Amino acid sequence: MSFAREAHRLLERLSEDAFAALRPEETVSLSLSGEDQTYVRFNGGKVRQATSVTQLRLGLDFRAQERQVKFMTDLSGRVEEDRHVIQVHLARARSEAAALPPDPFAAPLESHSQSEEWHEAAPPDPAEVIEQVTVATAGTDFAGLFAAGPQIRAVRNSTGQNHWFATSGFFLDYSLFTVNSAGENKAVKGLLSGTGWRATELALAIEAERHRLDQLRRPSRTLAPGEYRAYLAPAAVARIVELLSWGALSYGAWKKGGSALRRWIEGEVPLSERFSLRENFALGLGPRFNSLGELAPLQLPIAERGAPKNLLTGARSAREYGVVSNGAESGLWSEEQLRSPEILPGDLPERDALKRLDSGLYIGNLHYLNWSDLKSARVTGMTRYACFLIERGQIVAPIQDLRFDDSLYRIFGTELEALSEETRLFPTTETYEQRSLGGSRVPGILLTRFRLTL
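Starting from 1, residues in each chain are numbered consecutively following that chain's sequence as written. It should be noted that, the model being predicted, local features are given only for residues of pLDDT at least 70 and side-chain atom pairs only at 80 or more, the latter also being counted only at that level, while totals for whole chains, interfaces and linings use all residues. Excluding hydrogens and water, the side-chain figures rest on all heavy atoms present in the structure.

Per an unreviewed UniProt entry, the protein chain goes by Metallopeptidase TldD-related protein and derives from Methylococcus capsulatus.

Dropping the structure here:
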């Protein structure tokens, strides 16, 4: 039996026992996350670390008389042992809840229907992947992380709710490094992902990156701070979209004054009619249900042609502010956040992006992003990887990395000239504690002006 099928059966048995042990006026929710992954880390074109991780983590959310206690624990996969662990945590939760004050904004556990999604696929053979990566990247300074295998998420509660999500896929997140004629370190970055590994896709991607490395070996240009016409490749746009999850679109953060897009939400500052953003769970990057088991809409418009349509609202915000939840989930560091965002494409063919840019900057990627001024939605960060000076639609030279500081009201508003026809999928590659789910699909964007400050 597969890892996912065994985990499904284990959760069924454990939840039945846990629910049967409850007293009147008590409810409990069990959430399960797990993975059976192969991880291979490359450095200098060689395998530096290869390992496998199989783990199941159970979250227990106990409620009694408006009190709430949560625990997280690892499961062994052995029924009797795990059953005992849950009973110990239930007894502890019951004891601690009796000493706590009521939480008026804790949403009660309810039955939000049932669902099951299975996206099973055989993971690629790690030995074949290593061999093919070694051949394709021969003669380069290649570094990267390969991960593959099944992942699961599930929520069950004692009121009858039952949601299950299982998927299986891989990603290869990599960089190729070189040193230019001035002795400067330069790099290009790539990402392959999907459910079926294909050596031909790897070979084509690495060949394209080799061409970019040749361009990066030219002497770099140092640019003065100022405003430049710029094309941001999809990978750079994806980094900006990640920042939107830091409270910018959260209903709770907006009500508390913590949303960077407050002025747009309240109609003071418009965004471009070219800009449309939605949550799109049809991308298959993660489950629609949140940790309470609420089902988000398959697609939820956030911005349509520049106008605000919905904010991300979870059960707690709904209860606190008297609005309707749309199944949003809060993260470790912020209130309701995007889980599967998609910026709708425009009409600029990617092959024509440099010609349309004419003279300016091609920005391949960004990093170290953070808010520099929340009230004006200003974002700061650094250019990264393949970034070039463009003249008459042609690459002239790579540029020295620069700090940018610009406002979302300009990036997705006044300065947004065009979006590419093509969009790219960027699954999350984070592996803190376990491999994450989620990601984004975004186009490249052409900006009339982009502010570089240092």
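Asker: What should I look at first to understand the overall build of the protein chain in this one?
Answerer: Secondary structure elements follow DSSP: runs of H or I of four or more residues count as helices, runs of E of two or more count as strands, with numbering from the N terminus. The secondary structure content of the protein chain amounts to 10 helices and 18 strands. For the radius of gyration, the atom set is restricted to C-alpha positions; the globular benchmark scales as 2.2 Å times the number of residues to the power 0.38. Rg of the C-alpha trace for the protein chain: 24 Å, near the compact-globule value of 22 Å for 454 residues, within the 12% margin. Overall, the protein chain is about 75 × 55 × 35 Å in size when its C-alpha atoms are taken along their principal axes. Here the protein chain holds 454 residues, and 52% of them are scored as buried. Residues are treated as being in contact if the distance between any of their heavy atoms lies within 4.5 Å. Excluding contacts between residues fewer than 6 apart, the proportion of contacts in the protein chain whose partners are at least 24 apart in sequence is 73%. Areas reported here follow the Shrake-Rupley algorithm with a probe of radius 1.4 Å; residue values treat only the protein chains shown as occluding. For the protein chain, the accessible area works out to roughly 20,500 Å², and carbon and sulfur atoms hold 49% of it. Of the side chains in the protein chain, 53 bear a positive and 58 a negative charge, and the two mean positions are spaced by 4 Å. Whether a residue is buried, partly exposed or exposed follows from its accessible area with a 1.4 Å probe, protein chains only, as a fraction of its type maximum: under 20%, in between, or over 50%, in that order. The charge count treats Lys and Arg as positive and Asp and Glu as negative. His and the chain ends do not count. For this purpose, a charge sits on NZ of Lys, CZ of Arg, CG of Asp or CD of Glu.

Asker: So what exactly am I meant to see when it comes to the environment of Phe42 here?
Answerer: You can see Phe42 is positioned in strand E1 (residues 26-43). When residues no more than four places from it in sequence are discounted, the contact partners of Phe42 are Val47, Arg48, Ile130, Val133, Phe142, Ala143, Gly144, Phe146 and Leu172.

Asker: Sorry if this is basic, but what is going on with the packing of aromatic side chains here?
Answerer: For any pair of aromatic rings, geometry is given as the distance between the ring centres together with the angle between the planes. The rule is short: rings of Phe, Tyr and Trp, with Trp giving its six-membered ring, pair when the centres are within 6.5 Å, and they are stacked under 30 degrees, edge-to-face over 60, tilted in between. Taken as a whole, this structure holds 12 aromatic pairs when the rule is applied. Ring centres 5.6 Å apart and planes at 70° place the aromatic pair Phe42 and Phe142 in the edge-to-face group. Placement of Phe42 in strand E1 and of Phe142 in strand E5 (residues 141-157) is noted, with a sequence separation of 100 residues between them. Here the two residues Phe42 and Phe142 agree in accessibility, since each one is buried. Summarising the aromatic geometry, the rings of Tyr251 and Tyr321 are spaced 5.9 Å apart at their centres and angled 55° between planes, so their arrangement reads as tilted. One end of the pair, Tyr251, is in helix H6 (residues 251-255); the other, Tyr321, is in helix H8 (residues 315-321), and 70 residues separate them in sequence. Here Tyr251 falls in the buried class, since its relative accessible area comes to 15%. Connected via pairs of aromatic rings, a cluster forms that spans Phe42, Phe142 and Tyr174.

Asker: Please explain the nonpolar core as it appears in this structure.
Answerer: Where a protein is soluble and globular, its nonpolar side chains tend to be buried together. In this description, a nonpolar core means a group of buried Ala, Val, Leu, Ile, Met, Phe, Trp, Tyr and Cys residues linked to one another through side-chain atoms lying within 4.5 Å. Counting residues in hydrophobic clusters, the biggest one holds 55 residues, and the most contacted among them are Leu232, Leu249, Leu261 and Leu408. Of the residues forming this core, the biggest block, eight residues, is contributed by helix H5 (residues 234-244).

Asker: Please clarify how the environment of Leu75 should be interpreted in this entry.
Answerer: Among the structural elements, Leu75 can be located in strand E3 (residues 67-75). By relative accessible area, which is 12% here, Leu75 ends up buried. Dropping the residues within four chain positions of it, Leu75 is found in contact with Leu10, Leu14, Leu32, Leu56, Leu58 and Asp82.

Asker: Looking at this model, I keep getting lost on helix H1 (residues 3-20). Mind explaining?
Answerer: For an α-helix, the turn length of 3.6 residues means that residues three or four places apart are oriented alike. For H1, which comprises 18 residues, the first-to-last C-alpha distance of 26 Å matches the rise-based estimate of 26 Å (1.5 Å per residue) to within 8%. Among the residues of H1, those classed as buried are Phe3, Ala4, Ala7, His8, Leu10, Leu11, Leu14, Ser15 and Ala18. Each buried residue of H1 sits inside an arc of 165° when the element is viewed along its axis, so together they form one side. Seen from the open side of H1, the exposed residues pointing more than 90 degrees away from its buried face are Glu16 and Ala20. Here, expected helix span is obtained from the residue count minus one, scaled by 1.5 Å. The arc refers to the directions leading from the helix axis to the C-beta atoms.

Asker: What am I meant to see in the pattern of salt bridges here?
Answerer: Any carboxyl oxygen of Asp or Glu within 4 Å of a side-chain nitrogen of Lys or Arg constitutes a salt bridge here. Under the definition given, this model contains 33 salt bridges. Between Glu120 and Arg5 there is a salt bridge, with the nearest N and O atoms lying 2.8 Å from each other. Taken together, the positions of Glu120 in the loop between strand E4 (114-119) and helix H3 (126-136) and Arg5 in helix H1 put the pair 115 residues apart, joining distant regions of the chain. The partly exposed category is assigned to Glu120, whose relative accessible area is 44%. With its nearest N and O atoms 3.2 Å apart, the salt bridge here joins Arg356 to Glu417.

Asker: Quick question: what am I supposed to make of H3 here?
Answerer: Of the positions making up H3, those classed as buried are Val129, Val133 and Ala136. Projected onto a plane normal to the axis of H3, the buried residues spread over an arc of 70° and lie on a single side. Opposite the buried face of H3, at more than 90 degrees from it, the exposed residues are Ala127 and Val135. Considering only its buried residues, H3 is in contact with E1, E5, strand E6 (162-179) and helix H4 (199-216). We call two N or O atoms a polar contact when they sit within 3.5 Å, provided that within protein one can donate a hydrogen and the other can accept it, with sequence-adjacent residues counted only if both atoms are side-chain atoms. Of the residues flanking the start of H3, the one acting as N-cap is Asp125, its side-chain oxygen 2.9 Å from the backbone nitrogen of Ala127.

Asker: What's the story with the pairing of strand E16 (residues 403-407) in this structure? I'm lost.
Answerer: Moving residue by residue along a regular strand, the side chains alternate between the two faces of the sheet. The buried fraction of E16 amounts to four of the five residues, a majority that puts the element mostly inside the structure. Examined bridge by bridge, strand E14 (residues 378-391) and E16 share five bridges and lie antiparallel to one another. Paired with Arg378 across the bridge in E16 is Ser407. For two strands to count as paired, DSSP must find a minimum of two bridges between them.

Asker: Explain the packing of H1 against helix H2 (residues 79-99) here, please?
Answerer: A pair of packed helices is characterised by two quantities: the angle between their axes and the separation of those axes. Lines fitted to C-alpha atoms define the axes here, with helix axes fitted over just the stretch in contact, and angles between the N-to-C directions of these axes take values from 0 to 180 degrees. Following both chains from N to C, one finds H1 and H2 inclined at 40°, their axes separated by 10 Å at the closest point. Compared by their axis directions, H1 and H2 come out oblique. Crossing geometry of H1 relative to H2 is assigned as right-handed. Mapping the contact onto sequence places Leu10, Arg13, Leu14, Asp17 and Ala18 in H1 and Val79, Asp82, Arg83, Ile86, Gln87 and Leu90 in H2. We call Asp, Glu, Lys and Arg charged. Ala, Val, Leu, Ile, Met, Phe, Trp, Tyr, Cys and Pro are nonpolar, and the rest, Gly among them, are polar. Here the contact of H1 with H2 is composed, by residue class, of six nonpolar, one polar and four charged. Small angles under 35 degrees read as roughly parallel and large ones over 145 as roughly antiparallel, with 65 to 115 read as roughly perpendicular and the rest as oblique. By definition, turning the near helix anticlockwise from the far helix through less than a right angle yields a left-handed crossing, and turning it clockwise yields a right-handed one.

Asker: Sorry, what's going on with the side chain of Gln161 here?
Answerer: Residue placement: Gln161 occurs in the loop between E5 and E6. A polar atom in the side chain of Gln161 sits 2.9 Å from the backbone oxygen of Leu292. Those residues in contact with Gln161 that lie beyond four places of it in its chain are Glu110, Ser111, His112, Ser113, Val155, Arg156, Leu292, Gly293 and Glu294.

Asker: Looking at this structure, I do not really get the packing of H3 against H4. What am I missing?
Answerer: Two numbers describe how H3 lies on H4: the axes approach to 10 Å, and their chain directions differ by 30°. In this view, H3 runs roughly parallel relative to H4, as classed from their interaxial angle. Note on packing geometry: the crossing formed by H3 with H4 is right-handed. Along the contact surface, H3 presents Gln132, Val133 and Ala136, while H4 presents Ala199, Leu202, Ile206 and Arg210. Partitioning the contact of H3 with H4 into residue classes produces five nonpolar, one polar and one charged.

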